[in-house]
Each structure stands twice: as structure tokens, then as C-alpha cells.
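Analysis of the macromolecular model
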Amino acid sequence: MSTTIAAGTKVDGVALSVLLFFFVLVTVGGFLAAKWRRPESMHSLDEWGLGGRGFGTIVTWFLLGGDLYTAYTFVAVPAAMFATGAVSGFFAVPYTIVVYPLIFIFMPRMWSVAHRHGYVTPADFVRGRYGSRGLSLAVAVTGLIATMPYIALQLVGIQAVLDTLGLGGTGNRFIKDLPLFIAFAVLAAYTYSSGLRAPALIAFVKDTLIYLVIVVAIIYVGVKIGFGDMFHAAEAKMATKTKTGAATGAFIPNDKTYWAYSSLAFGSALALFMYPHSMTAVLAGRSRNVIRRNAAILPVYSLMLGLLALLGFAAIAAKTNVIGSDGKPNAQLAVPHFFHDAFPSWFAGVAFAAIAIGALVPAAIMSIAASNLFTRNIYREFFKPDATPKQEAQVSKIVSLVVKFGALLFVLTLDKQNAINFQLLGGVWILQTIVAIVAGLYTRWFHRWALLTGWAVGMTYGTVMAYQQKSAATAHFGGSLAKFPFSHTTVYIGFSALVVNLVVSVVLTFVLRAFNAPVGADATSPEDYYSDSEGPAVRVLGTEGGLAEPGVARA
């Protein structure tokens, strides 16, 4: 067994060696991915940004799993369970259960219309469906600003691992952060060359490691700690009073937190697949049946997440020390320190590799999705409408580099708590795109100006309400819960903002349609939403002519 972590501990050479082995393994895999199912040319967003739209059920399952269950999930969910209990931690389990029936219903329609018209991003669909550059830009910008802090937070998982290994205590800031720079430089290099194929291939390694680590950890908890003792220890800690006289946390949500818990879970479920990286992984699938199958089998990851969340309680029972190398308590260290304390160094290294690789896979997909948004819905839409597929791919590659290192600077220059708060705010923001996207998959009734106004009001309301929330760690953006308008019921801010967004969109649609305001051209047709063609009807690869205008088919 390893010795207990303490500030200033020496580097664990064995665990570090195991971590480096797997890092080298995925690095080689990332570069080799450029030759995996290699087409004649990678010079298009269909190939570089969507992997040729040819991933089958198994590859898509690993890709979506690697995309949605990130290093931050691995660290933050049990950390929340460790610190404050079920309301802020275990809600992630029901929300990942609720989300898949929703995906089964509407994501196949998105896949079909995207493949019929060559859409690469959700903003492409909005542009074609409503004929609105402004609404498309709003969706694209929202996706970009919501994704940036999400990428940055992947570094929180890596930082927790480095701190546990003993690499976080040096007084030299450059040396302390050098491993992060190296990791993201390598990530940037193989993503640049291989595109979406790189994280798709690496996801096999990442998910295999995570399943292995979780199974072993749960067996250890059952044999060495005992589930009864684990739950008793967690219940006792959550009932402990803080300096203010309040309970430390909630072991089981009580009747005063039902709405907060359920709205947080449901709102998060609605938001999950609105993120550009989730949509990118879906559009990379080979057929609409691939999406349906994945909606049916992805809940296996929810089982893994439930077991993972319990490790937060296990860390409580094991009396895990969460003091970082800086001498300050940090709940994000609960899982890494638990593995370091409870297991041999070599297996702790495997767990750390799972967390670190779990950061690289989603970070790659997120940066690709963000760069696709910029290229298709800002660069091409407003600056170079006649951009060729090759030019689009080149711009997207460059932007993906900028996004990665922008996220790196974001987390290195901001306080970690602020980075977490911005990610919570990103969830509120991305939820405001759901009306335009999901409603558009079923109806053209909403007016484009009403949707744009509803989006603006929802974004403003959600941001202001989030800004007003205080916590022990920060004076602003201190949480994602607030009173529902004109009530005393605490709910998820993103859910409240979505309700405001929807009300404004409905009311204004009635008004604008009554005045016969221009509704914009709809480039889609009803049969587009049921198409099961294996390739987009407008895709013209390997030419300099570019794709058709989003939603406009070529002869």
C-alpha cells in the first residue's frame, strides 16, 4: 500500500511510470488514427471534423462515452458526494438515465436532416431550418462560450492527478504546470493531424481503464470497508454541523430539496446533448439506427457513474485526507488520494491514467466541435461564403489549436473555483438553445425573431441569476440553484431560464405571426427527418467548389 498523501510528499515514481506508459500509448494511437479508415483526403470537415460520418455502433458507443463521461466527471461527482452529499453529487446519475430516452426520440431526426443537407453543427441546422443568420450565430456563439470552460475543467482532473503524484508542490510555477503544457501540446498535435478519429480511437483505451478501475474499486469497498459502514460514515459526516449551524450536506435529499434535485437533474439532461461536442459525436454515426442503438446501450455508463459516485462516500469512510500540496483542503482530490492510499502504486497509476486520458478524449472532441462551429457558422457565414472544403478544414484545425491553449490559459490564470462556476454557467447558457434546435426538429411554427428574442432573454436572466448566487468560496456565480420566479421554490437556474425563454418565444410567435412578419425560408422538407442515407446528399469531397449553402441541395 502507498503511504497517505500529505503536502510536500515526494513523487510516486511507480504510479508516475504507469501513467506515462499509458500516455505514450494513447499518443501513438492518436497519431496512428490519421491512417484509420483513411479517406482519399482529410481536407473537409466531414472527414476531419466528423470522422467521415462512418462510425458504427461500437465506435460511437465508445466515442460518446468518452465524450460525455469526462475526467471532470471522474473527479467532480465523487468530490461533490464527499463534500456535500447527494443533492450536488448523485443528481448526475438520474440525469444520465433520463437523457437517453430523450435522445432516442429526437437525435435520429437530427442525424437524418444533417446527413441530407451536409450539416456539421447544430447551428447549421438552425440556419437551414429558419433561414436566420442571426439565430444561427446565437446558437454558435452559445456553443462556443459554453464549451470553453468545459474544456478547461478537464484540466482539473489532470491537476488532481499531478498533485497526488507529488508534482504539484514545487514553488516554480513553470515547472509545476509543465506537465499540463506537454499533455495539451501532444493532444493538439495528434488532433490536428487525425481529427475526430484520434479521440474515437483513444476512447477505447480510456473507457476500458475506467471500467477496470471502477470494478476493482467497488470490490475493494465491499471487502475492505463494507457498504454498510461506508453509508453510515457518509450519513454521519453529512449530519455534522458547520460553523453556521447548518448540516454539512444531504445524505438523502429531503422534501425541501426535491425541486432543486429534480430540476437540476432534468435540466442537465436536456442540456447534455445540446453541447456541440455531444452533437458532433452523434453526427459522426453511420446511420440513424446507430444513434438509436447507442441510446439503448449508453445507460451502461450510468451504472458505472453510480458506482463511481459512491467512491466519494468510500473516501469518507476511509478517512481520506484531501489536503493538497499547497496545504489547502480540496475535495477534488478525494478520489485520487483514495486510490493512492488504498491501492498499490502500480494500480493507483492505472487509475490516474484513466483520469488523465479521460481528460484528453473529451478535450479533443470539444475543441473539434468548437472549431467546427467557428468555421461553419462564423468564418464561412460572415467572412468567406465561398470557402472550399479544404479551406474550412484548415481554418478548423487552426481554431482547434487556439481553443485548446485558450482553455489551458483559462484554467491556469483563473482560480479553480471560478473555472468550475463558469462551467456551471455554461450549462445554463447551452440550455437556452434547446427551443430553437429541438422544436425545429418537429415544427416550423416558432418564428425566428421570437426564438432569437427568447434566447436573449433566457441568457440574460440565467446569467444575472447565476451572478447573484453566493457561496463560501466566491461572492458571485456561487451556485446553480435559485428561487423560481414569483415563488419560494428553489430550482435549477437553467431550468427557470428555459421556462422564461419558452414563454417569450411562444408569446412573440403569436404576435409576429399576427402581423405577418417574414418567417424566413425553410430549406428542409418533412422527409429529410426520416432519411437513412449513409452520406449527405450535398457532400462534394475532394473538390475546390465547396459545399452548397447550408440546407441548399445541389443538382
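What you are looking at is a predicted structure, and each value in this text was computed from that prediction instead of being measured. Within any chain, residue numbers begin from 1 and follow the written order of that chain's sequence. This being a predicted model, a pLDDT of at least 70 is required before a residue's local features are given, and a value of 80 or more before pairs of side-chain atoms are given or counted; all residues contribute to the totals for chains, interfaces and linings. Excluded from the side-chain calculation are hydrogens and water; included are all heavy atoms of the structure.

Strands are runs of DSSP state E lasting at least two residues, helices are runs of H or I lasting at least four, and both sets are numbered from the N terminus onward. Looking only at helices and strands, one finds 22 helices and 2 strands in the chain. What the globule rule says is 2.2 Å times the number of residues to the power 0.38, and the radius of gyration is computed from C-alpha atoms. Against the 2.2 N^0.38 benchmark of 24 Å for 555 residues, the chain shows a C-alpha radius of gyration of 23 Å, consistent with a compact globule. Its C-alpha atoms give the chain principal-axis dimensions of roughly 70 × 55 × 40 Å. Think of it in three bands: residues with accessible area under 20% of the maximum for their type are buried, residues over 50% are exposed, and the middle band is partly exposed, with areas taken using a 1.4 Å probe on protein chains only. Counting only residues that meet the buried cut, the chain has 59% of its 555 residues in that class. Here the analysis covers contacts within the chain between residues at least 6 apart in sequence; of these, 83% occur between residues at least 24 apart. Residue contacts are defined here by distance: any two heavy atoms, one from each residue, within 4.5 Å place the two residues in contact.

Moving on to the pattern of salt bridges. The salt bridge criterion pairs a side-chain nitrogen of Lys or Arg with a carboxyl oxygen of Asp or Glu, the two atoms within 4 Å. Applying the stated criterion across every chain, the model contains 11 salt bridges. With its nearest N and O atoms 3.2 Å apart, the salt bridge here joins arginine 116 to aspartate 528. Here arginine 116 is found in helix α6 (residues 92-117), whereas its partner aspartate 528 is found in the segment after α22 (493-514), with 412 residues between them in sequence.

This part is about the packing of aromatic side chains. Ring geometry is summarised as follows: Phe, Tyr and Trp rings, the Trp one being its six-membered ring, pair when their centres sit within 6.5 Å, and such pairs are stacked at plane angles under 30 degrees, edge-to-face over 60 and tilted between the two. Taken as a whole, this structure holds 26 aromatic pairs when the rule is applied. With a centroid separation of 6.3 Å and 85 degrees between ring planes, the pair formed by phenylalanine 231 and phenylalanine 313 is classed as edge-to-face. Of this pair, phenylalanine 231 sits in helix α11 (residues 227-239) while phenylalanine 313 sits in helix α15 (residues 299-317), and the two are 82 residues apart along the sequence. Given a relative accessible area of 3%, phenylalanine 313 falls into the buried group. A ring has a charge above it when a Lys NZ or an Arg CZ is no more than 6 Å from the ring centre and no more than 35 degrees off the ring normal. Note that arginine 109 overlies the ring of tyrosine 530, its terminal NZ or CZ placed 5.2 Å from the centroid. Sitting above the plane of the phenylalanine 82 ring, lysine 237 keeps its charged end 3.7 Å from the centroid.

Before going further, it helps to spend a moment on the nonpolar core. Grouped together as the largest cluster of nonpolar side chains are 170 residues, with contacts concentrated most on Phe74, Met107, Met110, Phe273, Leu311, Phe338 and Phe339. Element by element, the count of residues in this core is highest for helix α17 (residues 345-383), at 22 residues. Discounting chain neighbours no more than four positions away, the residues touching phenylalanine 339 are Phe74, Val213, Ala217, Leu311, Phe347, Ala348, Ala351 and Phe352. Throughout this description, the term nonpolar core refers to a set of buried Ala, Val, Leu, Ile, Met, Phe, Trp, Tyr and Cys residues connected via side-chain atoms within 4.5 Å.

For every residue, the pLDDT score states the predictor's confidence, bounded by 0 at the bottom and 100 at the top. Confidence in the prediction of the chain, expressed as mean pLDDT, is 86, and 90% of residues score 70 or more. Low confidence marks residues 534-555, where pLDDT is under 50. Its contacts with residues over four positions away, or in another chain, come to 59 contacts.

This brings us to unusual backbone geometry. For lysine 319, which is not glycine, the phi dihedral falls at a positive 55 degrees. By secondary structure assignment, the location of lysine 319 is in the loop between α15 and α16 (334-342). Relative accessible area serves as the criterion here: at 74%, lysine 319 is assigned to the exposed category. Unlike most non-glycine residues, asparagine 516 shows phi in positive territory, near 55 degrees. The class for asparagine 516 is exposed, based on a relative accessible area of 66%.

Another point: helix α10 (residues 197-225). Between its first and last C-alpha atoms α10 spans 41 Å; for 29 residues at 1.5 Å apiece the expected length is 42 Å, and the two agree. The largest bend in α10 is about 30 degrees, located at alanine 203. Just downstream of α10, glycine 226 is the residue with a positive phi angle, here 95 degrees. How far a helix is expected to stretch is found by multiplying one less than its residue total by 1.5 Å. One fitted axis covers the seven residues ending at a residue, a second covers the seven starting there, and the bend at that residue is the angle between these axes.

On to helix α21 (residues 448-467). The first and last C-alpha atoms of α21 sit 28 Å apart over 20 residues, in line with the 28 Å expected at 1.5 Å per residue. Every buried residue belonging to α21 is among Arg448, Ala450, Leu451, Gly454, Trp455, Gly458, Met459, Gly462, Met465 and Ala466, and all of these are buried. Seen from one end, α21 has its buried residues packed into an arc of 165 degrees, which puts them on one side. In this description, one arc is meant: the one made by directions from the helix axis to the C-beta atoms.

What follows deals with the packing of α16 against α17. Interhelical geometry of α16 versus α17 gives an angle of 160 degrees and a closest axis separation of 8 Å. When the axis of α16 is compared with that of α17, the two are roughly antiparallel. Every pair of crossing elements has a handedness; the one defined by α16 and α17 is right-handed. Judged by residue contacts, Pro336, Phe339 and His340 of α16 engage Phe347, Ala348, Ala351, Phe352 and Ile355 from α17. Tallied by class, the residues present in the contact of α16 with α17 amount to 7 nonpolar, 1 polar and no charged. Whenever a helix is involved, its axis is fitted only over the stretch in contact; in every case the axis is a line through C-alpha atoms, and angles between N-to-C directions fall within 0 to 180 degrees. In these notes the angle categories are as follows: under 35 degrees is roughly parallel, over 145 is roughly antiparallel, 65 to 115 is roughly perpendicular, and the rest is oblique. By the definition used in this description, the sense in which the near helix is turned from the far one sets the handedness, with an anticlockwise turn below a right angle giving left-handed and a clockwise turn giving right-handed. Residues are grouped as follows: nonpolar covers Ala, Val, Leu, Ile, Met, Phe, Trp, Tyr, Cys and Pro; charged covers Asp, Glu, Lys and Arg; every other residue, Gly included, is treated as polar.

Summarising the element assignment, leucine 135 is placed in helix α8 (residues 133-165). On the basis of relative accessible area, leucine 135 is assigned to the buried category, the value being 2%. As a C-alpha pair, leucine 135 and proline 78 span 57 residues in sequence and 38 Å in three-dimensional space.

This part takes up the packing of α6 against helix α14 (residues 288-297). It is at 9 Å that the axes of α6 and α14 come closest, and there the two elements cross at 170 degrees. With respect to α14, the element α6 is oriented roughly antiparallel. Across the interface between the two elements, Tyr100, Phe104, Met107, Pro108, Arg109, Trp111 and Ser112 from α6 touch Arg288, Ile291, Arg292 and Ala295 from α14. Looking at side-chain class alone, the contact of α6 with α14 contains 7 nonpolar, 1 polar and 3 charged residues.

In this section: the environment of lysine 483. If you trace the backbone, lysine 483 turns up in strand β1 (residues 481-483). Taking the C-alpha atoms as reference points, lysine 483 and methionine 465, separated by 18 residues in sequence, lie 9.2 Å from one another. Polar contact is defined as a pair of N or O atoms within 3.5 Å, subject to the rule that within protein one atom must be able to donate a hydrogen and the other to accept it, and that residues adjacent in sequence are counted only when both atoms are side-chain atoms. Only 3.1 Å separates the side chain of lysine 483 from the backbone oxygen of histidine 488, close enough to count as a polar contact. A distance of 3.4 Å separates the side chain of lysine 483 from the side chain of threonine 490, its partner in a polar contact.

Another point: the side chain of threonine 509. Counting through the fold element by element, threonine 509 comes out in helix α22. A polar contact is formed between the side chain of threonine 509 and the backbone nitrogen of histidine 447, at a distance of 3.2 Å. Every residue in contact with threonine 509, bar those within four places of it in the chain, is listed here: Trp445, Phe446, His447 and Ala450.

Taken together, the side chains of Val503, Val507, Val511 and Phe515 make up a nonpolar region of the molecular surface, amounting to roughly 390 Å² of accessible area. One can find phenylalanine 515 in the segment after α22. Patches in this entry comprise residues that are over 30% relatively accessible and not in a salt bridge; like charges within 9 Å are linked, as are nonpolar side chains (Val, Leu, Ile, Met, Phe, Trp, Tyr) within 5 Å. For accessible areas, the Shrake-Rupley method is used with a probe of radius 1.4 Å. Any residue's cover is judged against the shown protein chains and nothing else.

So, about the environment of leucine 298. As for its position among the elements, leucine 298 is in the loop between α14 and α15. Taking C-alpha positions, leucine 298 is 11 Å from phenylalanine 104, a pair spaced 194 residues apart along the chain. The contacts of leucine 298, once residues within four sequence positions are left out, are Trp61, Leu64, Gly65, Tyr69 and Tyr100.

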